[in-house]
Amino acid sequence: MKTINIFTENIFDGWEVNEKDVIQKTREMLEHYIQTLGDRSCLFEKEYQTITLDIVFCDSAKTHELNRDYRNKDYPADIITFAIFADSDEKFIFDGEINLGEVIIALDKVIEEAPKKGVTKEYELSFLISHGILHLLGFDHQTEDDYNFIMELQNKALGFVY
């Protein structure tokens, strides 16, 4: 069995996220994706013992700043991902470890969107993390077909943790 390291940091004062629960659900979703995506994932045919990813919880002012500085988009985002492994041509594996990258989530956006969607803020948070994991695994949604594919994957993964 491969080792999955998930590190979290909460720099948002408005919600004391249950980070232990988030890490467990993230691990379950990532394991599900690794098992089911096969050759579609950036991990296909890679030799590794450990996968690492980081999740940072912040506010939309921070995602606005990151979006502007790194993506040339001048608006706050609910989620931003930095896919270190998937976006690299070299696909570095150092001492058997793959660093997938970082998922950054604006918790104020999660709190705002959850009631609009009729879900708990915890479910909305898991939905965004699931989406971020897919980006870290090399998936994007530039077309409607890609978006629909990602939504289908997310709904299946969320079915395992809820």
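The following refers to the structure shown. Treat the numbers as computed from the prediction; the structure is a model and nothing was measured.

Tallying secondary structure elements over the protein chain gives five helices and four strands in all. The C-alpha atoms of the protein chain give a radius of gyration of 15 Å, which matches the 15 Å a tight globule of 162 residues would have. Viewed in the frame of its principal axes, the protein chain has a C-alpha envelope of about 40 × 35 × 35 Å. In the protein chain, the proportion of contacts linking residues at least 24 apart, taken out of those at least 6 apart, comes to 70%. In the protein chain, 16 side chains carry a positive charge and 32 a negative one; their mean positions are 3 Å apart.

Attention shifts here to the environment of D108. By the element assignment, D108 lies in helix α3 (residues 107-117). Each C-alpha atom of the pair D108 and D78 lies 8.3 Å from the other, and the pair is 30 residues apart in sequence. In this view, D108 contacts F12, C58, D59 and S60; residues no more than four positions away in its chain are not counted.

Our focus in this paragraph is the side chain of S126. If you trace the backbone, S126 turns up in helix α4 (residues 121-136). Residue S126 is classed as buried on the basis of its relative accessible area, which comes to 6%. Here S126 is in contact with K25, M29, L158 and Y162, once residues within four sequence places are set aside.

Moving on, we get to the packing of aromatic side chains. Scanning the model with the defined rule gives two aromatic pairs in all. Between Y70 and F82 the ring centres are 5.6 Å apart and the planes differ by 80°, which places this aromatic pair in the edge-to-face class. Placement of Y70 in helix α2 (residues 60-71) and of F82 in strand β3 (residues 79-83) is noted, with a sequence separation of 12 residues between them. A relative accessible area of 58% means that Y70 is categorised as exposed. Consider the rings of F139 and F149, whose centres lie 6.0 Å apart with planes at 40°: the pair is tilted. Residue F139 is located in the loop between α4 and α5 (144-161), and its partner F149 is located in helix α5; the two are separated by 10 residues in the primary sequence. Residue class for F149 comes out partly exposed when judged on its relative accessible area of 26%. Looking at K91, its charged tip hangs above the ring of F85, at a distance of 5.8 Å from the centre.

On to the pairing of strand β1 (residues 3-10). Across eight bridges, the pairing between β1 and strand β2 (residues 50-58) is parallel. Note that in β2 the partner of T3 across the bridge is T50. Taken together, β1, helix α1 (residues 19-37) and β2 constitute a β-α-β crossover, and its handedness is left-handed.

This part is about the environment of D87. Along the chain, D87 falls in the loop between β3 and β4 (97-106). For D87, a relative accessible area of 60% corresponds to the exposed category. Sequence separation of D87 and E28 is 59 residues, and the distance between their C-alpha atoms is 23 Å.

Rules and cut-offs
Residues numbered from 1 in each chain as written. Predicted model: local features only at pLDDT ≥ 70, side-chain atom pairs only at ≥ 80, totals over all residues. Heavy atoms only, no water. Helix = DSSP H or I, 4+ residues; strand = E, 2+ residues; numbered from the N terminus. Rg over C-alpha atoms; globule rule 2.2 N^0.38 Å. Contact = heavy atoms within 4.5 Å. Lys, Arg positive; Asp, Glu negative; His and termini not counted. Charge placed at Lys NZ, Arg CZ, Asp CG, Glu CD. Buried < 20%, exposed > 50% of the residue type's maximum accessible area, 1.4 Å probe, protein only. Phe/Tyr/Trp six-rings, centres within 6.5 Å; stacked < 30°, edge-to-face > 60°. Lys NZ or Arg CZ within 6 Å of the ring centre and 35° of its normal. Pairing = 2+ DSSP bridges. Right-handed = clockwise from strand over helix to strand, strands pointing away.

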